[in-house]
Amino acid sequence: MAAALVVGVACTCEKVVTAAPGSEAPKPHSTVGKTPIDSNIDANEAKKPKNTTKNSHKTLKLAAGENLIGVLRRYDVNTQQAMALIRELKPWLDLNKLTAGKQIQITLNEQGALTAFSIGVRFATTVTATLEDGDWQVRDSTLETELVDEHIRINVGRSLYNSALDAGVAVEVIQRAIAVLSHRVDFQRSLQDTDVFEVIYQSAQLIDTHQLSKKSEADKVNFIKLTVSGVPHLLYRYRGNGESQDRFYYADGRPVQSFLLKTPLNGARLSSTFGRRKHPILGYSRLHKGLDFGAAVGTPIFSAGDGKVLKASWGGSFGNRIVIRHANGYQSLYAHLQGFAKGIKAGSEVSQGEVIGYLGNTGLSQAPHLHFEVHKDGHAINPLTLKTHRYSAGKLSGAKLEAFSQTVARIEAQLKHSYSKQNEQSEFVFNQIIKEYQR
Ligand SMILES: [Zn+2]
């Protein structure tokens, strides 16, 4: 587990939330190093009044290998009604994707017959089906949430990923932060245990805990800081008017992300590099004009940079392929795709990191992989040696820089507030320890 720098938060009990009956117990470490900047959520943990009808409510968990029909059978719902319910729920829920442990709430009348059925369909939304005169009436309800900024500060420890997870950071937030930082930090080599990682992200939190919904969902990452061997990288999220994607910048407005990504997919293995080699299918030696990345069929492929799709169609030996034109005379090509992302066709405008297609094994390809090429002024170049930082066009200026500076100032104020709160907490705990000791 990561050594949290924030002493005290783990020991004060004001943040410990009592779980509703039947719901998961709170993880003891989930608040370590975590400081909700907006602290008015504490007052909202009051329980809802108890239902006073003679109906009884039960919360069930889907067993491994069990489906909804199985649950309904347990309560003697006849096949016709079970099928009708499943039909009604279909628009809300992918019934094939229900996993073991999924919670369901049922209502039984005095005779023990099932009269209502509730299930969470996504964060903060539940659907309830009520049996009325033999027919299921389905309605959804949205649970009230509020946005809270979370600030987390940890030591990198043995793995930034695991340390952040231990400190309660949502997986999506960690992945986002690593993806952004990887433009500037070599994660394979340069990180040390004592390096410090900080993040501020927005999360939507349920105002009242609810058995059928998880308590919070991470949303936007607003600020990332990683100090590598004493050198801090402070990155701020900003999206200008009319821009389709969030980007990260240094405080002076320089973009963090490079002009073109060298690796347009996640979790892949580089299986063949740029250069002359013997072609596995054609047999003779020729120039391999790109990089091959091995990964599972269906892995999302990202656009390496902002640009315009020139081709998204069948390309002979390339199979399904996409060609994108970028600024400064660059083009990128993605081959052997299983298929194209929705809306991707010749003429589409794409942003860096946008999903454009899915890895496949189409055309002249021996195994599932992405063949990725980058061309500069019509010549294939090695994407790994791209010196795209020279093209960090996109430095903010004028009105954009002004708006961005306000974002930076707001985050700095948040940080200052959060640090002073953390200091107060650690001082409080320190004094408690001293008192205990002197007793
Ligand atoms: Zn290739």
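Presented here is an overview of the structure given in this document. Everything numeric in this text was worked out from a predicted model, so none of it was measured.

Observations concerning the overall build of the protein chain
Right, so step 1: Helix and strand counts for the protein chain stand at 5 helices and 24 strands.
Right, so step 2: Of the contacts made within the protein chain by residues no fewer than 6 positions apart, 63% connect residues no fewer than 24 positions apart.

Focus on helix α2 (residues 79–89)
Right, so step 1: Within α2 the residues assigned to the buried category are A82, A84, L85, I86 and L89.
Right, so step 2: The inward-facing, buried residues of α2 contact α1 (68–74), β4 (114–122), β5 (125–132) and β6 (135–142).

Looking at a nonpolar patch on the surface
Right, so step 1: There is a patch of nonpolar side chains on the surface, built from Y161, L165 and V171 and spanning about 200 Å² of accessible area.
Right, so step 2: For V171, the position within the fold is in helix α4 (residues 171–181).
Right, so step 3: Residue class for V171 comes out partly exposed when judged on its relative accessible area of 31%.

Thoughts on the coordination of the zinc ion
Right, so step 1: With distances of 2.0 to 2.2 Å, the protein atoms coordinating the zinc ion are H288 (NE2), D292 (OD) and H371 (ND1).
Right, so step 2: Along the chain, the residues donating to the zinc ion fall in the pattern H-x3-D-x78-H.
Right, so step 3: By relative accessible area, H288 is classed as buried at 5%.

Focus: the sheet that holds strand β16 (residues 300–302)
Right, so step 1: Pairing is antiparallel in the open sheet, where 3 strands are placed in the order β16-β22-β20. The sheet terminates laterally at β16 and β20 (339–340), the two strands that pair on one side only.
Right, so step 2: As paired elements, β16 and strand β22 (residues 355–358) share 3 bridges and run antiparallel to each other. The residue of β22 that forms the bridge with I301 is G357.

What to know about the pairing of β6
Right, so step 1: As paired strands, β5 and β6 are joined by 8 bridges and run antiparallel to one another. Each bridged residue has a counterpart across the sheet, and for T125 the counterpart in β6 is T142.
Right, so step 2: The hairpin turn running from β5 into β6, its antiparallel successor, is 2 residues long, and D133 in that turn takes a positive phi close to 50°.

Re unusual backbone geometry
A negative phi holds for most residues other than glycine; trans holds for most peptide bonds.
Right, so step 1: Positive phi is not limited to glycine here, since D76 has a value of about 60°.
Right, so step 2: Within the secondary structure, D76 sits in the loop between α1 and α2.
Right, so step 3: Judged by relative accessible area, which is 70%, D76 ranks as exposed.
Right, so step 4: At A124, a residue that is not glycine, the phi angle is positive and equals roughly 65°.
Right, so step 5: Note that A124 resides in the loop between β4 and β5.
Right, so step 6: Given the relative accessible area of 5%, A124 is considered buried.

Quick word on the sheet that holds strand β3 (residues 103–108)
Right, so step 1: With respect to topology, 5 strands assemble into an open sheet ordered β2-β3-β4-β5-β6, the strand pairing being antiparallel. In this open sheet, the two strands that pair with only one neighbour each are β2 (56–61) and β6. Ignoring strand direction, the axes of neighbouring strands in this sheet form an average angle of 20°.
Right, so step 2: Of the strand pairs in this sheet, β4 and β5 are connected by 6 bridges, and their pairing is antiparallel. When the sheet's bridge partners are listed, A116 is paired in β5 with T130.
Right, so step 3: The sheet contacts of α2 involve β4, β5 and β6, and relative to β6 the element is tilted by about 35°.

Details of the packing of aromatic side chains
Right, so step 1: Enumeration according to the criterion identifies 6 aromatic pairs in this entry.
Right, so step 2: Residues F223 and Y236 carry aromatic rings whose centres are separated by 5.2 Å and whose planes lie at 50° to one another, so their mutual orientation is tilted. Residue F223 is found in strand β9 (residues 216–228), and its partner Y236 is found in strand β10 (residues 231–238); the two are separated by 13 residues along the sequence.
Right, so step 3: Looking at F223, the relative accessible area reads 0%, which means it is buried.
Right, so step 4: Residue classification places Y236 among the buried residues on the basis of a relative accessible area of 1%.
Right, so step 5: Arranged with centres 6.2 Å apart and planes meeting at 85°, the rings of Y236 and F404 form a pair that is edge-to-face. Note that Y236 is positioned in strand β10 and F404 in helix α5 (residues 398–438), a separation of 168 residues in sequence.
Right, so step 6: The rings of F223, Y236, Y238, Y249 and F404 are connected pair by pair, giving a single aromatic cluster.
Right, so step 7: The ring of Y250 carries the charged tip of R254 above its face, separated from the ring centre by 4.5 Å.

What counts and how
Residues numbered from 1 in each chain as written. Predicted model: local features only at pLDDT ≥ 70, side-chain atom pairs only at ≥ 80, totals over all residues. Heavy atoms only, no water. Helix = DSSP H or I, 4+ residues; strand = E, 2+ residues; numbered from the N terminus. Contact = heavy atoms within 4.5 Å. Buried < 20%, exposed > 50% of the residue type's maximum accessible area, 1.4 Å probe, protein only. Patch = residues over 30% accessible without salt bridge, like charges linked within 9 Å, V, L, I, M, F, W, Y side chains within 5 Å. Areas by Shrake-Rupley, 256 points an atom, 1.4 Å probe, with all protein chains shown as cover. Salt bridge = Lys/Arg side-chain N within 4 Å of Asp/Glu carboxyl O. Donors = N, O, S within 2.8 Å, 3.2 Å for Na, K, Ca; no water. Pairing = 2+ DSSP bridges. Axes fitted to C-alpha atoms, helices over the stretch in contact; angles between N-to-C directions. Phe/Tyr/Trp six-rings, centres within 6.5 Å; stacked < 30°, edge-to-face > 60°. Lys NZ or Arg CZ within 6 Å of the ring centre and 35° of its normal.

Structural measurements only, silent on function.
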